[in-house]
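Report on the structure
The chain contents come next:
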Amino acid sequence: MLVSISCTKLDENFRSELEESNSGNITADQLLISAYNSLGPFQVGDLWHANEHTSDEVIAPTRGPDWDDNGQWRALHAHTWNADQGQIRGAFNGLLSAQFSASNVLQFKPSAQQAAEARFIRALSMYAVLDGWGQVPYREDLTNYKILPVTLKGTEATDFIISELSGIMNDLPDGTTAYLANKNAARALLMKIYLNKGAYANRETPAFDAADMNQVITLADQITASNKYSLNDIFYDNFSPDNDIKSKENIYTLYNKNGDRGGGVQGAAFQVFHYSMSPSGYNGFATLSNFYDKFEAGDQRRGMYYAYPAGLPNPGHRINVGFLIGQQYNLTTDAPLNDRKGHPLSFTREVSIRETGDNLEITGIRVIKYPYDYPHLNQVNDNDWAIFRYADVLLMKAEAQLRTNQAVAATAIVNQIRLKRGATPLAAVNLDNLIDERGRELYWEGWRRQDLIRFGKFLQPWQEKPADDPKFLLFPIPNDQLAVNPNLTQNPGY
């Protein structure tokens, strides 16, 4: 009932009783923690699945009887989903729940900073709904549930979110703690909005207004001028169990701490690792060989031996982060691993959306973006989940420059990143190699679907996906939400 936006008598009574019975014990700071925790869909949750499995970065093949799940993963990759698809429905409902949690903070006399943090969380959740579904249910009044939420669409929604972020900027902290909403996080979110504003107005043929691109550049320069961020020498320090200390790039993260709160980042490993690996995983998700081939051999981001405190000994210095391909080894003894049938566990470039036969456990290149937190095996890992990074800020600025005929300046920014990652500088940046660079830098961070749409590539065919209908540029509104909110309308084609 807290997730659903309905106006039934039962819902009204439940909410009023909850607020009356607990209002004397609940404080704004407690509710604010709950609001932060409500952003779980971003963190290998339903929103992450909806944004990554629909792209050319991720595939979850059905491996014999494993990972069938009524075909829901195949539907995401092949773009054949409908309004009842599980991850899409879960993401929409989860984001509305986050919006409610953030708005609820405002009912309990928060300080100016607490209110600003709550409004940032609300703006972020509303932005994700706009990005996925193109229309955002919004309830400003939490005291009268007989009034249905209004629905903000397209430019109206972008203007509202921009207004919210601009209105809270002065009350947000400067950004010394990445897992708290801060001024630079708000600026990074504003950059996302301005960069995608044309796509939200027309996803099939987006236009990029020079004024919007100049806003992106200005916001990037403000983030740079804060002197809080720089590119890490070691890429995976941004994702390590102690990335709250090591990362110089993370602007806004989701907090994870074993024994405290958070959770979800460990799923990034569980859903990839084979049963024979440590930790023992579910042998699921992989990437596609065409995406893997976008990386040069010397690019840190393709994979490396990463020595970090409390990691497994890895005496053979095997690749333990990035893309795992070929024979896999026990990272304690360096013994070669086998699959459950006794065959060498050697991950292949080839992968199909349906796997059968003796190779079904080994097909597909696996991806580990977050070094696994081994001291907390099968528990909440301490890696904070990166939402906004400085490298993304620089790449967004480069894109805005490229779209306003400043290709030389854009090339300089992209090569700054590539040199830091160990890749060869590009002679010149264009739209095709810029989206590839965004893929290399930001893979599996939840931005790929958005990028493919903005660059006009989302409907094109790729491995195990044909060219498809423009209706898939928007997700369908879940049927259960249509049933309780007549102010929502189903997106075209569904």
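See the structure shown above.
This write-up is about the structure you can find in this document. (Residues numbered from 1 in each chain as written. Predicted model: local features only at pLDDT ≥ 70, side-chain atom pairs only at ≥ 80, totals over all residues. Heavy atoms only, no water.)

1. Details of the packing of aromatic side chains
The condition is simple: When the centres of two rings from Phe, Tyr and Trp lie within 6.5 Å, Trp using its six-membered ring, the rings pair. Their planes under 30 degrees apart give stacked, over 60 give edge-to-face, and anything left gives tilted. Counting from the N terminus, the helices are the DSSP runs of H or I reaching at least four residues and the strands are the DSSP runs of E reaching at least two. Partly exposed residues are those whose accessible area sits between 20% and 50% of the maximum for their type, while under 20% is buried and over 50% is exposed, using a 1.4 Å probe and protein chains only.
In total, this model carries 32 aromatic pairs according to the counting rule given. Between W48 and W444, the ring centres sit 5.5 Å apart and the planes meet at 65°, which makes this aromatic pair edge-to-face. Highlighted residues: W48 in helix α3 (residues 46-52) and W444 in the loop between α15 (431-442) and α16 (448-454), separated in sequence by 396 residues. In this structure, W48 and W444 share a single accessibility class: buried.

2. Things to note about the pairing of strand β2 (residues 135-138)
The criterion, for reference: Here, any two strands with at least 2 DSSP bridges between them count as paired.
In β2, alternate side chains face the same way, and those of Q135 and P137 on one face and V136 and Y138 on the other are all buried. Where β2 meets strand β3 (residues 150-153), 4 bridges bridge the pair, whose relative direction is antiparallel. Paired with Q135 across the two strands is K153, which belongs to β3.

3. Looking at the environment of E156
Locating E156 in the fold gives a position in helix α7 (residues 154-168). Remark: the alpha-carbon pair of E156 and V136, spanning 20 residues in sequence, is separated by 9.8 Å.

4. As for the packing of helix α8 (residues 183-201) against helix α13 (residues 390-402)
The test is simple: The axes used here are C-alpha line fits, helices contributing only the stretch in contact, and every angle between their N-to-C directions lies in the interval 0 to 180 degrees. To sort the angles, those under 35 degrees are grouped as roughly parallel, those over 145 as roughly antiparallel, those from 65 to 115 as roughly perpendicular, and the leftovers as oblique. Should the near helix be turned counterclockwise from the far one by less than a right angle, the crossing is left-handed, whereas a clockwise turn marks it as right-handed. The contact rule is simple, with two residues in contact once any of their heavy atoms fall within 4.5 Å. In this count, Pro and Cys sit with the nonpolar residues alongside Ala, Val, Leu, Ile, Met, Phe, Trp and Tyr, while Asp, Glu, Lys and Arg are called charged and the others, Gly among them, polar.
Contact geometry of α8 with α13 gives a least axis separation of 11 Å together with a crossing angle of 30°. It follows that α8 is roughly parallel to α13 by the angle criterion. Handedness of the crossing formed by α8 with α13: left-handed. Counted together, A188, M191, K192 and L195 of α8 and D392, V393, M396, K397 and E399 of α13 form the full contact between these two elements. For the contact of α8 with α13, the residue count by class is 5 nonpolar, no polar and 4 charged.

5. Some points on helix α5 (residues 86-105)
Condition: Each helix should span, by expectation, one fewer than its residue count multiplied by 1.5 Å.
Taking 1.5 Å per residue, 20 residues should reach 28 Å; α5 reaches 29 Å between its end C-alpha atoms and fits that length. In terms of residue burial, α5 counts as a mostly covered element, since 17 of its 20 residues are buried.

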